[in-house]
Amino acid sequence: MTRFILRRILQTLLVLLVMSFVIYSLIGLMPGDPIDIMVASNPNIAPEVAATLRKLYGLDQPLILRYWRWLSAALSGDLGYSRTHSQPVLTILLPALWQTCKLLISSFTISVILSFALGIAAARKPGGWIDGLISLGAFAGISVPVFWLALMMILVFAVELHWFPASGIANVGDGSFRDQFVHLVMPVTTLALATTGGFTRFVRASMIEVLRLDLVRTARAKGASETRVVLIHAFRNALIPVVTVMALSFGVLFNGALLTETMFAQPGMGKMIYDAILGNDFNLALSGLLFATLVTLLSNLAADLAYGWLDPRIALQ
Amino acid sequence: MSRTEVAVSPGRLRWRRFLRHRAGVSSLAVLAALILFALSAFVMRRFGFDPDATDLFARFDPPSRLHWLGTDEAGRDELIRLMVGGQMSLLVGLLATCIGGVVGLIIGVCAGYFGGRLDAVLMRFTDGMIALPLLPLLIVLGAVDLTKLGFSREFAHSGAAGFWRIIVIIAIVDWTAIARLVRAATIAIKERDFVRAARASGAGPAYVMVSHVLPNVATPIIVAFTLTVGRVILFESVLSFLGFGIVPPTPSWGNMLNNAQELVTSAPALAIYPGLLIFVTVIAVNFLGDGLQHAFDPRSER
């Protein structure tokens, strides 16, 4: 078991290392470089000066060397300076990460609870009208463009009904818990609605599979009540693949977070990365993308470990 | 004479099973209607409708006899733009899925057929891709400066570059589902007797893969392919919406929503139409995939 965990952690680190190189090279392929931007804001800089500056900052060196220097700096905790915010990257990154966590955790919790309830209800009688209705809703959830769903939420609940604010995380001068809560309602609902669809389909499929197994027949034969059979005997077994899928879907959830944050103007990781890419803020974009990758990889690792823990039959090697 | 005595080919059997899946059949009809809608742009052009003709005196016009769905913020006819945009979205969806599908097919078959170290490397790579937050990655890829990759300036700023760029970048990231499926199916098939017989009689790996393995993994691929088309259409709309996809003035359902946040207050209908079309298309594609799955999988009883 310990060996398995160590190996998975090593693998995760390796993937992270490879990804950091890939992302570093891709960021390098974005239009312009820091000196170009400097020249654009101050056209009086002579070409020779620009060339000297490039040399001074090592921008004329080959990619692999530049990457190596960035990596050693990053490992010692120096992620560089954000161009657009004029602050060290970490001071911007951490609050944004916290904001995104609030959004992700609340919508994830809501959609897990919803999908368990809906998935089980649908699996009780596959093909029945309840199943049909829930499946239709689930398909709608996986098919809706998240940004458009956000737009429609804004249109209905902010523009027409004035129930919730359309953007931001708090009113200026307020910032009480109630105020923050009201600002979170629409983003969280949007993201939860979009993720519940996929989860429900997994729960439903997994439950249908398990309800066909002998253990369910045995439980019924022993006289267990229907509620007990479904909720205890079947559900626990159906949980194993579901937990894995849910943890693995973290990357997808992050896509949704990026969109909801952009649409509702929430200062989280997703919006930060998007703005950083638009604003040629190389350091911030790079670190943001790497943090997003790291969080996703960690959730996958957690899924793997949970899988072995939930199902003792799986020999971890 | 009872009907069971008539022999039924597997293909017809599947078709019958598909026809029993009501949602699948109706989504096939919906998709046909959507394609017809997108293609009717060619007819509309004949009658003088132009997706690029602006009229700044007729911005945000309500629906009229001249403009059936009204006009957008530049006074362009919304209906014809929806049609042309549909062509873009559907075309990108199909092409990107095809290219990504071929990539996934090659990686999956090679990993499954050769096994061993190659399999381990390819599958770790695939797992790594699956673990990534795709949208930020797509945005970075969409922002890549093509001139730095050695393309000419003229090409990098042309509409064609925008079109092919989005297809290629989606294909680069969205091949993983197909690769994993194909690998699993290949492993299941390669130890079957007919494949071993082919190998024993001297068939090389390429021959065996193309003529024995591929035809037998076709069914799961068709289903995965369908579901991928839906996902790709969503990706295209998101990227175009954020400004990294199809470049205006060429309309796509995604970029027609570019400034939708302002439209929500001024002309809500314009914020609704394109998104609704994306929604309907993707939901129909997903139901079609479900129907196909039902038709191909004898175990799924409903």
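## Concerning the confidence of the model for chain B
This prediction gives chain B a mean pLDDT of 82; 96% of its residues lie at or above 70. Mean pLDDT values for the elements of chain B range from 74 in helix α6 (residues 153–156) of chain B up to 89 in helix α3 (residues 78–114) of chain B.

## Points about the domain arrangement of chain A
Note on interface size: it is often stated as the accessible area lost on association of the parts. Residues and elements named next belong to chain A. The domain architecture assigned to chain A consists of domain 1 (2–78) and domain 2 (90–315). In this structure, domain 1 and domain 2 have C-alpha centres spaced 33 Å apart. With 14 residues of domain 1 in contact, the opposing surface of domain 2 contributes twelve residues. For the side of domain 1 that touches domain 2, the secondary structure elements donating two or more residues are α1 (2–28) and α2 (34–41). Counting residues per element, the side of domain 1 that touches domain 2 draws most heavily on α1, which supplies ten residues.

## Here we look at α3 of chain B
Residues and elements named next belong to chain B. Given a rise of 1.5 Å per residue, 37 residues ought to cover 54 Å, and the 53 Å separating the end C-alpha atoms of α3 matches this to within 8%. For α3, the buried fraction is high: 26 of the 37 residues fall into the buried class. Once α3 ends, the next one or two residues include glycine 115, with phi positive near 60°.

## A look at the packing of helix α8 (residues 176–190) of chain B against helix α10 (residues 205–242) of chain B
Residue and element names in this part refer to chain B. Look at α8 against α10: their axes get within 9 Å of each other, and the N-to-C directions meet at 160°. One element, α8, and the other, α10, form an angle in the roughly antiparallel class. Between α8 and α10 lies a crossing whose hand is right-handed. Contacts between α8 and α10 pair Ala177, Ile178, Leu181, Val182, Ala185, Thr186, Ile189 and Lys190 from the former with Val213, Asn216, Val217, Pro220, Ile221, Ala224, Phe225 and Thr228 from the latter. Looking at the contact of α8 with α10 residue by residue, the classes come out as twelve nonpolar, three polar and one charged.

## Focus: the interface of chain B and chain A
Contacts between the two partners involve 34 residues from chain B, matched on the other side by 35 residues from chain A. At the level of elements, α4 (116–131), α5 (134–143), α10, α11 (260–266) and α12 (268–296) of chain B are the ones that each hand at least two residues to the side of chain B that touches chain A. Among the elements that take part in the side of chain B that touches chain A, α12 of chain B stands out by supplying nine residues, more than any other.

The rules behind the values
Residues numbered from 1 in each chain as written. Chains lettered and ligands numbered in written order. Predicted model: local features only at pLDDT ≥ 70, side-chain atom pairs only at ≥ 80, totals over all residues. pLDDT = per-residue confidence, 0-100. Helix = DSSP H or I, 4+ residues; strand = E, 2+ residues; numbered from the N terminus. Domains from an automatic or database assignment. Contact = placed C-beta atoms within 7 Å. Expected span 1.5 Å × (residues − 1). Buried ≥ 20, exposed ≤ 12 C-beta atoms within 10 Å, placed from the backbone. Axes fitted to C-alpha atoms, helices over the stretch in contact; angles between N-to-C directions. Parallel < 35°, antiparallel > 145°, perpendicular 65-115°, else oblique. Left-handed = near helix turned anticlockwise from the far one by under 90°. Nonpolar A, V, L, I, M, F, W, Y, C, P; charged D, E, K, R; others polar.

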